[in-house]
Amino acid sequence: MEEIEKVRGILLERYATLTVKADVLKAPELKQILAKIREVPAEQRAAYGREVNNLREELQAKIAAEVKEVVELPPIDVTAPMDVNAGIPDLLPSSNGSQHPITKEIAYMSDILQRMGFRVYESREIDNQYHMFESLNFPKDHPARDDYDTFMTVEEDKDGSRFIAPAHTSTMQNRILRELKPQLEDGDVIAATSIDRVFRNEDLDARHEHTFYQHEGIYVSKGVNAGMLVATLQKFLEEYFGKKIEVRVNPFYFPFTEPSFEFSLTCPFCEGEDKTCKVCSGEGWIELLGCGMIHPKVLRAADIDPEVYTGFAWGGGVERLIMMKYGIEDLRHFESAKLDFLRQF
Ligand code: DAH
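The present account deals with the structure reproduced in this document. Being a predicted model, the structure only gives us computed values, none of them experimental. (Residues numbered from 1 in each chain as written. Predicted model: local features only at pLDDT ≥ 70, side-chain atom pairs only at ≥ 80, totals over all residues.)

**Notes on the packing of helix 4 (residues 101-115) against helix 7 (residues 226-241)**
- Put simply, helix 4 and helix 7 touch, their axes get as near as 10 Å, and they point 135 degrees apart. Judged on the interaxial angle alone, helix 7 and helix 4 are oblique. Crossing geometry of helix 4 relative to helix 7 is assigned as right-handed. Within the contact between the two elements, helix 4 uses Met109, Ile112 and Leu113 and helix 7 uses Phe236, Glu239 and Tyr240.
- Here the contact of helix 4 with helix 7 is composed, by residue class, of 5 nonpolar, no polar and 1 charged. (Axes fitted to C-alpha atoms, helices over the stretch in contact; angles between N-to-C directions. Helix = DSSP H or I, 4+ residues; strand = E, 2+ residues; numbered from the N terminus. Parallel < 35°, antiparallel > 145°, perpendicular 65-115°, else oblique. Left-handed = near helix turned anticlockwise from the far one by under 90°. Contact = placed C-beta atoms within 7 Å. Nonpolar A, V, L, I, M, F, W, Y, C, P; charged D, E, K, R; others polar.)

**A look at the site of the ligand**
- The local shell around the ligand consists of His168, Ser170, Glu216, Phe254, Phe256, Thr257, Gly290, Cys291, Gly292, Ala313, Trp314 and Gly315.
- Breaking the shell around the ligand down by element, the ones donating at least two residues are strand 8 (285-294) and strand 9 (310-317).
- Grouping the amino acids of the shell around the ligand by side-chain chemistry returns 5 nonpolar, 6 polar and 1 charged. (Near = placed C-beta within 6 Å.)

**Quick word on helix 7**
- Between the first and last C-alpha of helix 7 there are 23 Å, a value that for 16 residues agrees with the 22 Å anticipated at 1.5 Å per step.
- When helix 7 is considered as a whole, its buried residues turn out to be Leu229, Thr232, Leu233, Phe236, Leu237 and Tyr240. End-on, the buried residues of helix 7 take up no more than an arc of 120 degrees, which puts them together on one face. Exposed residues on helix 7 whose side chains face more than 90 degrees from its buried face are Gly227 and Ala231.
- A positive backbone phi angle near 70 degrees is found at Gly242, which sits one or two residues after helix 7. (Expected span 1.5 Å × (residues − 1). Buried ≥ 20, exposed ≤ 12 C-beta atoms within 10 Å, placed from the backbone. Arc of directions from axis to C-beta.)

**Remarks on the packing of helix 4 against helix 9 (residues 318-326)**
- Helix 9 packs onto helix 4 with a crossing angle of 95 degrees between their chain directions and a minimal axis gap of 10 Å. Taken as axis vectors, helix 4 and helix 9 run roughly perpendicular relative to one another. From helix 4, Pro101, Ile102, Glu105 and Ile106 reach across to helix 9, where they touch Val318, Glu319 and Ile322.
- Along the lines of polarity and charge, the residues of the contact of helix 4 with helix 9 split into 5 nonpolar, no polar and 2 charged.

**Focus: the pairing of strand 9**
- Burial analysis of strand 9 places 7 of its 8 residues in the buried class, the great majority of the element.
- Pairing between strand 5 (residues 211-221) and strand 9: 8 bridges, direction antiparallel. Note that in strand 9 the partner of Ser221 across the bridge is Thr310.
- Sheet topology note: the strand 8/strand 9 ladder contains 5 bridges and is antiparallel. Bridging from a neighbouring strand, Gly292 pairs with Ala313 of strand 9. (Pairing = 2+ DSSP bridges.)

See below:
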């Protein structure tokens, strides 16, 4: 019996870490005690068997409760909001229209960054491999290219490489650096942002879309350090969420920054106070975006001398920020064109 109690402890602990909760029923420890029912002496067998079954039922009930919770979330209807076979759809009068929440929030983010001194750039929806990879220090055949599930055209440029639908807004870094280099040489800084649409060949779910938005920032001057990066991001996010947040950085890897960091902040929704918070899964912290000190090779690719100038850059998802700010649980709402969602903004 003590043994069953021990297995119970192990399994409950593992349960908390499992993504597919039902896998707990396949645990070897559970199989072992089930198999053992046959071996225990006849007079103890009934009691032993009952205990093991109780444990199995306890786990099954836990799984069922969890599944029920998921099923009870309102399903996301992704069908067209109008009858697509009806000829001319019954459109709203334009006086009833409003800006899409993403458009509104991007304008707000750009406005904050502009007030912080960042020049706003539009990115592109079709680009080349040089801007997606080479200029960002992803050499040809580098495995990190595979991290970006990039859509490519069949058509090729004059060097025989396919065009791409940008998988991140970092594609703008080389262009921005080149364009603003003269002002750097005039003693000014480079501070620019690009908030725009990017594309990845993703499996779709509540957190992933093939088409989404990113915000990118880039800052170059003399004597730039990582503390300035952290302070800039913290200010931007505090302004966006309208409240104080704590931030932390952990080491990470990107080819175009050295050192690279993963940037996290305290959950602006529950502020770490709610163990059942859906935004941060009760963790209190959210890993938000990638950032780092611009790699010397990236500066050199734009003819900027890394011995003289240093800089920082960041990039992250836009919808993620909007979802956190408003407690939106499913990314697919944004593209659903459903008025009852859109009218809330
Ligand atoms: N481009 C990266 C991505 O989409 C994010 C990123 C990380 C952008 C670090 C940056 C950076 O500018 O410095 O995964």
